[in-house]
Amino acid sequence: MAQESPKNSAAEIPVTSNGQLEDSHEHSFNRDLKRSLPVGLGLSETKITSHGFDSTKEGIVEAGPFPGSSASPKSSVISPSSAAASRLAGQGCDLIIPTGGRAQQKSGPVVLADEVKNPAMEKLELVRKWSLNTYKCTRQIISEKLGRGSRTVDLELEAQIDILRDNKKKYENILKLAQTLSTQLFQMVHTQRQLGDAFADLSLKSLELHEEFGYNADTQKLLAKNGETLLGAINFFIASVNTLVNKTIEDTLLTVKQYESARIEYDAYRTDLEELNLGPRDANTMPKIEQSQQLFQVHKEKYDKMRNDVSIKLKFLEENKVKVLHNQLVLFHNAIAAYFAGNQKQLEQTLKQFHIKLKTPGADAPSWLEEQ
């Protein structure tokens, strides 16, 4: 390695204990460094060494020409410290210091590391947008209730939604009454069965009234059997209506709630856009108007989509409701009529028509062998 020139005292940079340059020698350092470097010798031909207490690196620059006028400049050897690199960057030389330790002369800012996205800032931005949207929607709802704000109304669709909600309440009432009837019928059937067993027992023990007790026992047992058949038909009716009310209609009403939320958001951003359009148009307000126009368009598309979804669901719900209730009402009527007419065959035929299978009493209970 070629012998280096003696150290130039003007090339030494006095620094403080934390690696920062002293402000009193800043100007003299620039002047002496330019004088110490010969023509044609750039920053890549300098060598940055470091000396410090307890091996703590401090920035000391040693610079000098190579001996001889014809000698070629040797390759750059740079061992930069963070303090010296930042100070040199501030003296008019824009440096890019990559990880490999090589310094290249560039025109641009000092880049020490790539910026990393902060997840906390992203979450904060989401919370800010949600808060702004909630504020706008709340203000729109209050304005509508106070009669100060305008709302978008689809008269035909709103009428269908009102009819659906009213029908749901009526179907829930029918469902409640049918469940009460089923409970009372079950208790009556249970009582008739017990009464039939009591008559049969007395028929065996009373020789004088054997036939009379026997007739009553057979009648009560027949009524209990027909009551179980009717009970199966009523329970099937209850299950079908419950599915219609609490699943099919409820799913449609959930879509209606989403539609109403989209309508409130649409009206809230529409009101904001109208207020901005009524104000002055200058360099400060035009970006806000354009941003408000974009948000309004997004919520308008969402509102139109939800309105279309509600219309389709209401149409399919009406078709499904008519089909389900038609079958269930026919079943309920035929079963009740056959039961009170005492027509056992007609009652059993009604259950077969709707593919209803009765559960045998005690069929679900395990036998005494299975319990062991």
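All residue numbers refer to position in the chain's written sequence, counted from 1. Totals for whole chains, interfaces and linings use every residue, but because this is a predicted model, local features are given only for residues with pLDDT of at least 70 and side-chain atom pairs only at 80 or more, for both listing and counting. Excluding hydrogens and water, the side-chain figures rest on all heavy atoms present in the structure.

### Here we look at the nonpolar core
Next up, step 1: Formed by 40 residues in total, the largest nonpolar core has its most connected members in Ile161, Leu185, Ile249, Tyr259 and Val310.
Next up, step 2: Secondary structure elements follow DSSP: runs of H or I of four or more residues count as helices, runs of E of two or more count as strands, with numbering from the N terminus. Elements supplying a minimum of two residues to this core: helix H4 (155-205), helix H5 (210-278), helix H6 (285-341) and helix H7 (344-353).
Next up, step 3: Per-element tally for this core: the top contributor is H5, with 17 residues. The criterion is simple. A nonpolar core is a set of buried Ala, Val, Leu, Ile, Met, Phe, Trp, Tyr and Cys residues joined through side-chain atoms within 4.5 Å. Note on classification: 1.4 Å probe, protein chains only; a residue is buried when its accessible area is under 20% of the maximum for its type, exposed when over 50%, partly exposed between these limits.

### Notes on the packing of aromatic side chains
Next up, step 1: By convention, a stacked pair of Phe, Tyr or Trp rings (six-membered ring in the case of Trp) has centres within 6.5 Å and planes under 30 degrees apart, an edge-to-face pair has planes over 60 apart, and any other such pair is tilted. In the structure shown here, the tally under the stated rule is six aromatic pairs.
Next up, step 2: Plain terms: the ring middles of tyrosine 266 and tyrosine 303 are 5.0 Å apart, the flat faces sit at 5° to each other, and that makes the pair stacked. Of this pair, tyrosine 266 sits in helix H5 while tyrosine 303 sits in helix H6, placing them 37 residues apart in sequence. Here tyrosine 266 matches tyrosine 303 in class, with each residue buried.
Next up, step 3: Each residue in the set Tyr259, Tyr266, Phe296 and Tyr303 is aromatic and connected to the rest through ring pairs, giving one cluster.

### Focus: the UniProt feature "coiled-coil region" (unreviewed entry) in the protein chain
Next up, step 1: UniProt positions are given in the numbering used here, feature names are shortened, and annotations may be inferred rather than shown by experiment. When the UniProt feature table is mapped onto this chain numbering, "coiled-coil region" (unreviewed entry) sits at residues 154-181 and 289-320.
Next up, step 2: With 100% helix and 0% strand, residues 289-320 has end C-alpha atoms that lie 46 Å from one another.

### Thoughts on H5
Next up, step 1: With 69 residues, H5 ought to run about 102 Å at 1.5 Å a step, and its terminal C-alpha atoms sit 98 Å apart, in line with that.
Next up, step 2: Taking the largest bend as the criterion, H5 deviates by roughly 35°, centred on glutamate 250. What a helix is expected to span follows from its residue count: subtract one and scale by 1.5 Å. Throughout, the bend at a residue refers to the angle made by two axes, fitted to the seven residues ending there and to the seven starting there.

### Quick look at the pattern of salt bridges
Next up, step 1: What counts as a salt bridge is simple: a side-chain nitrogen of Lys or Arg found within 4 Å of a carboxyl oxygen of Asp or Glu. Per the stated rule, a full pass over the model turns up 20 salt bridges.
Next up, step 2: Residues glutamate 250 and lysine 168 are paired through a salt bridge, measuring 3.6 Å at the closest nitrogen-oxygen approach. Here lysine 168 lies in helix H4 and glutamate 250 lies in helix H5, a separation of 82 residues in the sequence.
Next up, step 3: Under the relative-accessibility criterion, glutamate 250 is labelled partly exposed at 33%.
Next up, step 4: The class of lysine 168 is buried, set by a relative accessible area of 12%.
Next up, step 5: Taking the shortest distance from any N to any O, the salt bridge between glutamate 265 and lysine 302 comes out at 3.3 Å. Residue glutamate 265 is located in helix H5, and its partner lysine 302 is located in helix H6; the two are separated by 37 residues in the primary sequence.
Next up, step 6: A relative accessible area of 13% places glutamate 265 in the buried class.
Next up, step 7: Salt bridges linked by common partners bring Glu144, Arg151, Arg263, Asp267, Arg270 and Glu274 together as one network.

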